[in-house]
Amino acid sequence: MHITLRQAAVAACLLLAGGAATAAQPLQNAIISASYNAGGMLGIADDYAGSSVSGLDPLDTSVEFFTSDALFGFDFAADGHLTIYNNSTIPTGAYIASFDFGASLGAAIKTFNITDAGLTSGMPVLTVADGHTITIDLSAVKWNGDYSPLQTNITLQAVPEPASAMMLAAGLLGLGLRARRRNR
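Cut-off values and rules
Every residue gets a number counted from 1 within its own chain, in the order that chain's sequence is written. Residue-level local features of this predicted model are given only where pLDDT is at least 70; pairs of side-chain atoms are given and counted only at 80 or more, and the full residue set underlies all totals for whole chains, interfaces and linings. Values shown for side chains rest on all heavy atoms present in the structure; no hydrogens or waters enter the calculation. Secondary structure elements are defined from DSSP: runs of H or I of at least 4 residues count as helices, runs of E of at least 2 residues count as strands, and each element is numbered from the N terminus. Only protein chains enter the accessibility calculation, which uses a 1.4 Å probe. A residue is then buried if its area is under 20% of the maximum for its type, exposed if over 50%, and partly exposed in between. Accessible surface is estimated by sampling points in the Shrake-Rupley manner with a 1.4 Å probe; for residues, cover comes only from the protein chains shown. N or O atoms closer than or at 3.5 Å make up a polar contact, with two conditions inside protein: a donor-capable atom paired with an acceptor-capable one, and, for residues adjacent in sequence, both atoms drawn from side chains. Should any heavy atoms of two residues lie within 4.5 Å, those residues are considered in contact. Strands were regarded as paired on the criterion that DSSP finds at least two bridges between them. Fitted lines through C-alpha atoms serve as axes, helices being fitted only where they are in contact, and the angles separating the N-to-C directions of these axes extend from 0 to 180 degrees. Each residue gets a pLDDT score, which is the predictor's confidence in that residue and runs from 0 to 100.

> Quick rundown of the overall build of the chain? Include the residues and the values.
The helix and strand inventory of the chain stands at two helices and eleven strands. Scored against the burial criterion, the 184 residues of the chain give a buried share of 34%. When the accessible area of the chain is evaluated, it comes to approximately 10000 Å², of which 59% is carbon and sulfur surface.

So, in structure tokens, the structure goes:
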């Protein structure tokens, strides 16, 4: 395979540009569309007036979504943490929430797991529906007290670190320079 200096320079620039974008936190600029099987979802974007789409609270002082039946609050953090609060005693029933990040994430969602169950018992079912959507089924969770937080974490697919991209770019440039010398 014959690489020209121009091809190596273009590849290096593309790698550096892509690598620089990985420094942000996973959910930094996320726009989230939420749904809830037992009613609607109210988002902070319109002061909980009925929109089911919201971005992250930049000051992280408020939950991003409340269920319209006032049973649950969902608080996303830029670092990938999602805290779920029960707002009162939860009657037996099916409670499934879904959050779609669309194209606002820097990479596909890899995992969605529990980091701290707090005072809850029973097991929520956490699912990565596709690369940009998570679903949480809270039907089997027993909330042992009001405002009991359930901590989860969303992890994105690995993206090359900027340093790795820079090393690869330097190598490609070196190959391009070597090919140029050889052609002379």
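> Before we move on, could you go through the side chain of Thr 120 and cite the residues and values that matter?
Examined against the element boundaries, Thr 120 turns out to sit in the loop between strand 8 (109–116) and strand 9 (125–130). Only 2.6 Å separates the side chain of Thr 120 from the backbone oxygen of Ala 117, close enough to count as a polar contact. With residues up to four places along the chain from it excluded, the contact list for Thr 120 reads Val 141, Lys 142, Trp 143, Asn 144, Ser 148 and Leu 150.

> Report on the sheet that holds strand 2 (residues 41–43), specifying residues and quantitative values.
Read from one edge of the open sheet, six strands run 2-4-5-6-11-8, paired in antiparallel fashion. Two strands in the sheet have a free side with no partner beyond their single neighbour: strand 2 and strand 8. Shown here is a sheet whose adjacent strand axes are inclined to one another by a mean of 20°, direction ignored. In this sheet, strand 11 (residues 149–156) lies alongside strand 6 (residues 81–86) in antiparallel orientation, the contact comprising five bridges. Across the sheet, Ile 84 pairs through a bridge with Leu 150, a residue of strand 11.

> Provide a residue-level description of the pairing of strand 9, including the pertinent values.
Successive side chains on a regular strand alternate, one facing one side of the sheet and the next facing the other. In the sheet, strand 9 pairs with strand 10 (residues 133–137) via five bridges, with the strands oriented antiparallel. Bridge pairing links Asp 130 to Thr 133 in strand 10. What sits between the antiparallel neighbours strand 9 and strand 10 is a turn of two residues.

> Tell me about the sheet that holds strand 9, and please be specific about residues and values.
What the five strands build is an open sheet, ordered 3-1-7-10-9; its pairing is antiparallel. The sheet is open, and its two edges are formed by strand 3 (53–55) and strand 9, each paired on a single side. Across the sheet, the axes of successive neighbouring strands diverge by a mean angle of 25°, strand direction being ignored.

> Account for the confidence of the model for the chain, with residues named and values stated.
Mean pLDDT over the chain: 84, with 80% of residues reaching 70 or higher. In the model, residues 19–23 has pLDDT below 50 throughout and makes seven contacts with residues more than four positions away in sequence or in other chains.

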